[in-house]
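Architecture at a glance
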Amino acid sequence: MAKDKVILAYSGGLDTTVIIPWLKENYDYDVIAVCIDVGQGDDWELIKGRAVKTGASACYVVDARQEYIEEYIWPALKANCKYEDQYLLGTSTARPLIGKILVEYARQEGAVAICHGATGKGNDQIRFELAIKAFAPDLRVIAAWRDPKWNMDSRDAEIKFLEDRGLEVPMKKDQSYSRDENIWHISHEGLELEKTENEPNYKHMLKNTVCPEEAPEAGEYVKIEFEKGIPVSVNGKKMNGLELMTELNKIGGRNGVGLVDICENRCVGMKSRGVYETPGGAILYAAHEMIEHLCLDRDTYHFKQQVSLRMSELIYDGKWFTTLMDACMAFVDKTQETCTGWVNLKLYKGSIRGAGSYSKYSLYNESIASFTTGDLYDHHDAQGFITLFGLPLKVRAMMEQQVGEGQAVKESKNLKKRPTE
């Protein structure tokens with residue numbers, strides 16, 4: 001009689017390498033490992049072999065890099081989504097896609113369960129499981145770190161689990177940062193970062209970015225072209241999403257841009273500290289903000305800032321496949337219809353600054369903005385505008401003077417006496 005199947009989200013890292021033999025020892029399932037390539041840069045043939053050696057009956061690799069960029073990164077970029085002002089949502093944007101692909105394989109293989117290696121303290125368990133619930137509420141989810149049969153409480157314990165069984169340990173003990181990498185970013189948690197008093201050991205940690213102090217003295221210019229809010233070329237060369245991200249990661253990495261050290265608020269209620277490398281993403285966010293500054297009117301831009309904040313929370317919390325997220329993305333797409341043009345940036349030792357921008361849809365009008373009086377703007381018109389714009393303030397102040405109370409009375413404590421000599 002054939003065994004029931006479980007789909008395992010498999011990265012080839014420590015956690016999921018341990019989970020394959022753990023599942024074999026604790027559940028009577030055939031384990032099908034699914035590797036989802038979102039730009040980790042891993043040796044997938046090696047990882048497939050490791051999965052089979054540790055007990056998987058099959059291992060599939062899905063190249064989802066272009067899909068990830070076009071359907072997840074670009075929507076977040078167009079919305080300028082940042083969680084808690086700094087985090088560019090590298091892990092958060094990838095998890096919904098991974099969860100969706102796991103469901104696709106569960107359906108294709110007739111599996112009864114999906115297993116993941118996210119810990120019970122982190123955000124990823126929520127992101128994976130919300131995606132699974134959105135598409136397959138009938139499937140069982142096995143969260144190894146929350147399972148009563150799981151008796152390992154640290155990465156050292158996981159390493160010992162593999163060593164005790166004569167299985168390969170896919171990492172060195174002195175490199176036991178908890179990492180997540182894709183085409184958009186790489187995150188680092190653990191080791192010295194667990195004490196907020198410590199400065200990150202960047203020289204030991206960084207993989208895609210040089211320390212800003214070691215970046216070239218000359219700096220570098222980079223020109224990005226957008227079509228409806230989507231980047232389409234770098235330095236005049238048209239590229240698809242994967243080519244573009246690969247090129248910008250190289251450019252940003254060698255100039256030390258996109259480093260973030262943040263103590264953020266997780267969904268589960270605790271704070272966690274992480275260091276993020278997002279070199280190409282940081283360039284794109286800076287450029288995209290500049291093109292929006294040219295092309296969006298005041299009311300639209302200000303309202304979009306509110307939508308961006310809400311979208312950032314939705315993405316971080318794993319609520320990608322929700323009606324609210326669909327509605328937010330539809331609004332953002334409308335705002336991007338005129339966000340076409342180019343932006344030039346200067347990168348210098350970890351910093352990014354504007355160096356010119358252009359759009360045929362630009363709402364900047366030199367004849368209006370110039371200090372020289374022109375036909376389109378008469379300085380005298382401002383007098384009537386200010387009178388009406390400030391009318392509520394004036395009416396309130398007149399009332400306060402009439403009743404003898406408030407900040408507008410002559411003896412107001414809000415008014416200080418200033419020296420006259």
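Everything here concerns the structure above.
Please read all numbers here as calculations on a predicted model, not as lab measurements. (Residues numbered from 1 in each chain as written. Predicted model: local features only at pLDDT ≥ 70, side-chain atom pairs only at ≥ 80, totals over all residues. Heavy atoms only, no water.)

1. Overview of the sheet that holds strand β3 (residues 58-63)
The five strands are arranged β3-β2-β1-β4-β5 in an open sheet whose pairing can be described as parallel. Of all strands in the sheet, those bounded by a partner on one side alone are β3 and β5 (140-143). Put simply, the sheet's adjacent strands are angled 25° from each other on average, direction ignored. (Pairing = 2+ DSSP bridges. Helix = DSSP H or I, 4+ residues; strand = E, 2+ residues; numbered from the N terminus. Axes fitted to C-alpha atoms, helices over the stretch in contact; angles between N-to-C directions.)

2. Some points on helix α6 (residues 155-164)
The set of residues buried in α6 consists of Glu 158, Ile 159, Phe 161 and Leu 162. On an axial view of α6, the arc spanned by its buried residues comes to 155°, and they lie on one face. Residues of α6 that are exposed and point more than 90 degrees away from the buried face comprise Asp 156 and Asp 164. In the core, the buried residues of α6 are packed alongside α1 (14-26). Immediately downstream of α6, the backbone of Gly 166 shows phi near 70°, a positive value. (Buried < 20%, exposed > 50% of the residue type's maximum accessible area, 1.4 Å probe, protein only. Arc of directions from axis to C-beta. Contact = heavy atoms within 4.5 Å.)

3. Regarding the pattern of salt bridges
Scanning the model with the defined rule gives 27 salt bridges in all. Notably, a salt bridge pairs Glu 25 with Arg 165, separated by 2.8 Å at the nearest N-O pair. Placement of the pair is Glu 25 in helix α1 and Arg 165 in the loop between α6 and β6 (178-181), with a sequence separation of 140 residues. Overall, Glu 25 belongs to the partly exposed group, its relative accessible area being 48%. Linking Lys 203 and Glu 214 is a salt bridge whose minimum nitrogen-to-oxygen distance equals 3.6 Å. Highlighted residues: Lys 203 in helix α7 (residues 202-205) and Glu 214 in the loop between α7 and β8 (220-227), separated in sequence by eleven residues. A single network of salt bridges, built from pairs that share partners, joins Arg 95, Asp 124, Arg 127 and Asp 180. (Salt bridge = Lys/Arg side-chain N within 4 Å of Asp/Glu carboxyl O.)

4. Quick notes on the packing of aromatic side chains
Enumeration over the complete set of coordinates arrives at 14 aromatic pairs. Judged by centre distance (6.1 Å) and plane angle (85°), the ring pair of Tyr 87 and Tyr 316 falls under edge-to-face. Taken as a pair, Tyr 87 in the loop between α3 (65-78) and α4 (90-109) and Tyr 316 in helix α10 (residues 298-316) lie far apart in primary sequence, 229 residues in all. Centre to centre, the rings of Trp 145 and Trp 150 are 5.4 Å apart; their planes meet at 40°, and the pair counts as tilted. According to the relative accessible area criterion, Trp 150 is buried, its value standing at 9%. Every member of this aromatic cluster is reached through a ring pair, and the members are Trp 22, Tyr 27, Tyr 29, Trp 145 and Trp 150. Positioned above the aromatic ring of Phe 161, the side-chain terminus of Arg 165 is 3.6 Å from the ring centre. Positioned over the ring face of Trp 342 is Lys 223, at 4.4 Å from the centre of the ring. (Phe/Tyr/Trp six-rings, centres within 6.5 Å; stacked < 30°, edge-to-face > 60°. Lys NZ or Arg CZ within 6 Å of the ring centre and 35° of its normal.)

Distances and angles like these do not, on their own, reveal function.
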